[in-house]
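Architecture and fold: a report
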Amino acid sequence: MPAKTIFLTTPLYYVNASPHIGHSYTEVAADTLARYHRLAGREVFLLTGTDEHGQKIAQAAADAGKPPQAFVDEVVTRFQALWKTLHISHDDFVRTTEPRHVRAVQQILVRLKDDRKLVEAEYQGWYCTPDETFWTEAELSAAGLLGAAPSCPTCQRPLEPAREEGWYLRLRANQDWLNAFIAKTPDFVRPETRYNELRRLLEQPLPEYLCITRPKSRVSWGIQVPFAPDHVVYVWFDALLNYITVPGYVDDSARFARLWPADVHFIGKDILRHHALYWPIMLHELGLPDRDMPKIFAHGWWRIGEQKMSKSLGNIVDPHAIVGGLLNGQPYAADVYRYFLLREIPFGQDGSFSEEAILKRLNNDLANDLGNLVNRTLSMIGRYCAGRIPAMAPVGCAVEDEPLRAAAVRLPDTLAAALADVQFSAALAGIMEVVSLANQYIEAQAPWQLAKQPEMRPRLETVLRVCAEVVRIVALALTPCMPTVAAAIGQQLGGLDRLTLTPAPSWPGLETGQPIATEHPVLFPRAEGIPA
Ligand code: MSP
């Protein structure tokens, strides 16, 4: 049997407005993990896309004076363009308005109904349109939010009363199963804080049902429920199903077996409830066994300075304004942005976004440390070795070279350990430690002094070869997060091999005498006027 493909997903983003940094965060994280596994020689499938139905989108289309389909057709292109700018390497991009998804959702609904998994009833409660989420009075009361004008426990915005006839999925009847499943699967949701949050949520009784349809009298922009002419599918029920409709749940069992279950559903902490309560119950009701339940990682939120990012505060950050504006003039602006997002805060925690913080990372980590290492190494090989990779002394590494060599060849293990826990910042910190070590090594070995003493020629060549080998391994290790920077370093070095995880990467791995590029332009021009 072929090995299971690593299946990574992002949320399907709402196309009610343009993408912002929050969307790009989930996307860059998922892409980096996908690139990492591909680099390690594994089969990967990265799925992303857009969530195009529901009341929120219908309202945004009406506000723009456009029919919903025309509206979403326009907004989706902004997401697609941004993913291109940010070098996202998705294998598929699904739009929930596409016939392949619509047909599959309808078939799944019919299957659930035929299997008597759905209940027809009337719902009475509250609805959060921005989150497209139902709340029962019991839940609001438990959260202390059931006043004269109840607000949403997740986003604190006002709720609308909802009283709707429709079709329901049983939540409470599945609660014992879900509790038992979660208790025995501590890595179902990461990080641990979110897992604990989920367990706390499950200490309360779940609402009896989840309404999975909406009357057309209220919302008509949705997938037609095949057996209820006056109803469309509730947008979350429709959107979550993408994770199985695209891998072929209804029409390609071989492909489904290869891809499913998802190895990581990347989500933000705000949509934990939908992914960690509703979604496993949906899958369980469809008859999927426990071993086919997906894994979830819920990351934190970016604040803008100390404020929440929101339309009403007018502080929404457009990634184009960072990549094309703030970082204008950086040859690898998108990679700098990717690096900042993943290095700045441990994945899973909240963080504060500011232009100054980006420029500090640019100056300190990238210009002073990484860029300097690459530039010094290549310039000295140009100057002292006629632009060709020098030979390592036949005895191999001297005592003073060994710590650096050892740290560099350990990098794949460092990455493997950090990324097994989806800890991008730890992985990048590990790479940057090697960069710092290499810069210290250059200072200590002072190749410019060695170059003045003809009898030290073999030592000079060894030192520069050690640096070149370290640069090569660093570039390989940076490939998942900074793909274009890594390629540029590879090109300047005269070619890169693949990152081998086991055994340790070859050392040396470059060809003696291989010509390096004649030009090695600065990778990261410094931003001026930023305190260190
Ligand atoms: N359409 C649903 C997801 C359906 S998945 C089947 C949705 N879309 S969204 O566009 O509102 O949000 C998408 C992602 O962006 C979420 O993971 C959310 O956490 C993330 N972010 C939105 N604002 C954010 C920040 N300020 N910071 C970090 N990520 C945030 O929810």
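Conventions we followed
Residues numbered from 1 in each chain as written. Predicted model: local features only at pLDDT ≥ 70, side-chain atom pairs only at ≥ 80, totals over all residues. Heavy atoms only, no water. Near = heavy atom within 4 Å. Polar contact = N/O pair within 3.5 Å; in protein donor to acceptor, adjacent residues only side chain to side chain. Areas by Shrake-Rupley, 256 points an atom, 1.4 Å probe, with all protein chains shown as cover. Helix = DSSP H or I, 4+ residues; strand = E, 2+ residues; numbered from the N terminus. Nonpolar A, V, L, I, M, F, W, Y, C, P; charged D, E, K, R; others polar. Domains from an automatic or database assignment. Buried area = accessible area lost by both parts, 1.4 Å probe. Salt bridge = Lys/Arg side-chain N within 4 Å of Asp/Glu carboxyl O. Pairing = 2+ DSSP bridges. Axes fitted to C-alpha atoms, helices over the stretch in contact; angles between N-to-C directions. Buried < 20%, exposed > 50% of the residue type's maximum accessible area, 1.4 Å probe, protein only. Core = buried A, V, L, I, M, F, W, Y, C linked by side-chain atoms within 4.5 Å. Contact = heavy atoms within 4.5 Å.

A few points about the site of the ligand
- Lining the immediate surroundings of the ligand are 23 residues, of which Leu12, Asp51, Gly268, Asp270 and Trp302 lie closest.
- Between Trp301 and the ligand, the recorded distance is 3.2 Å, taken from a side-chain N or O atom to an oxygen atom.
- Relative to its unbound accessible surface of 670 Å², the ligand loses 95% to contact with the protein.
- Those elements that provide at least two residues to the shell around the ligand are strand 1 (6-14), helix 1 (21-39), helix 8 (235-240) and strand 11 (264-268).
- For the shell around the ligand, the leading source of residues is strand 1, giving four residues.
- Looking at the shell around the ligand, its residues break down into 13 nonpolar, eight polar and two charged.

Re the domain arrangement of the protein
- For the protein, the assigned domains are domain 1 (6-308) and domain 2 (354-492).
- Once you take the C-alpha centre of each, domain 1 and domain 2 turn out to be 43 Å apart.
- Summed over both partners, the interface of domain 1 with domain 2 buries about 1,100 Å², with 75% contributed by carbon and sulfur atoms.
- Considering only the side of domain 1, the residues that lose the most area to domain 2 are Thr32, Tyr36 and Leu39, jointly responsible for 41% of the buried surface there.
- Run the count over domain 1 and domain 2 and you get zero salt bridges.
- The interface formed by domain 1 and domain 2 holds one residue pair in polar contact (both at pLDDT 80 or more) in total.
- Looking at which element gives the most residues to the side of domain 1 that touches domain 2, the answer is helix 1, with six residues.
- In terms of residue class, the side of domain 1 that touches domain 2 is built from six nonpolar, two polar and two charged.

Considerations on the sheet that holds strand 6 (residues 160-170)
- On the basis of which strands lie adjacent, the open sheet formed by four strands has the order 5-4-6-8 and antiparallel pairing. Of all strands in the sheet, those with a lone pairing partner are strand 5 (133-135) and strand 8 (209-211), marking the two edges. For this sheet the average axis-to-axis angle between neighbouring strands, irrespective of direction, equals 65°.
- In the sheet, strand 6 pairs with strand 8 via three bridges, with the strands oriented antiparallel. Of the residues in strand 8, the one forming a bridge with Arg170 is Tyr209.

Focus on the pattern of salt bridges
- Enumeration according to the criterion identifies 33 salt bridges in this entry.
- Note that Arg95 is salt-bridged to Asp73, the shortest N-O span being 2.7 Å. Within this pair, whereas Arg95 is found in strand 3 (residues 92-95), its partner Asp73 is found in helix 3 (residues 68-85), the two being separated by 22 residues in sequence.
- Its relative accessible area of 16% is what places Arg95 among the buried residues.
- When its relative accessible area of 33% is taken as the criterion, Asp73 is described as partly exposed.
- Connected via shared salt-bridge partners are Glu160, Glu164, Arg214 and Arg218.

What about the environment of Gly287?
- Along the polypeptide, Gly287 turns up in the loop between helix 11 (272-285) and strand 12 (296-299).
- For the pair Gly287 and Leu112, spaced 175 residues apart in the sequence, the C-alpha separation amounts to 9.7 Å.

Topic: the nonpolar core
- Among the nonpolar cores identified, the biggest contains 179 residues, and Ile244, Trp260, Phe266, Phe353 and Phe524 are the most heavily contacted of them.
- Counting contributing residues per domain, this core is built from domain 1 (6-308) and domain 2 (354-492), each supplying no fewer than three.
- Every residue in contact with Phe524, bar those within four places of it in the chain, is listed here: Gln330, Val336, Leu362, Leu366, Ala367, Leu370, Gly371, Met482 and Val485.
- Core analysis: the second largest hydrophobic core is formed by seven residues, Leu140, Cys152, Cys155 and Leu159 among them.

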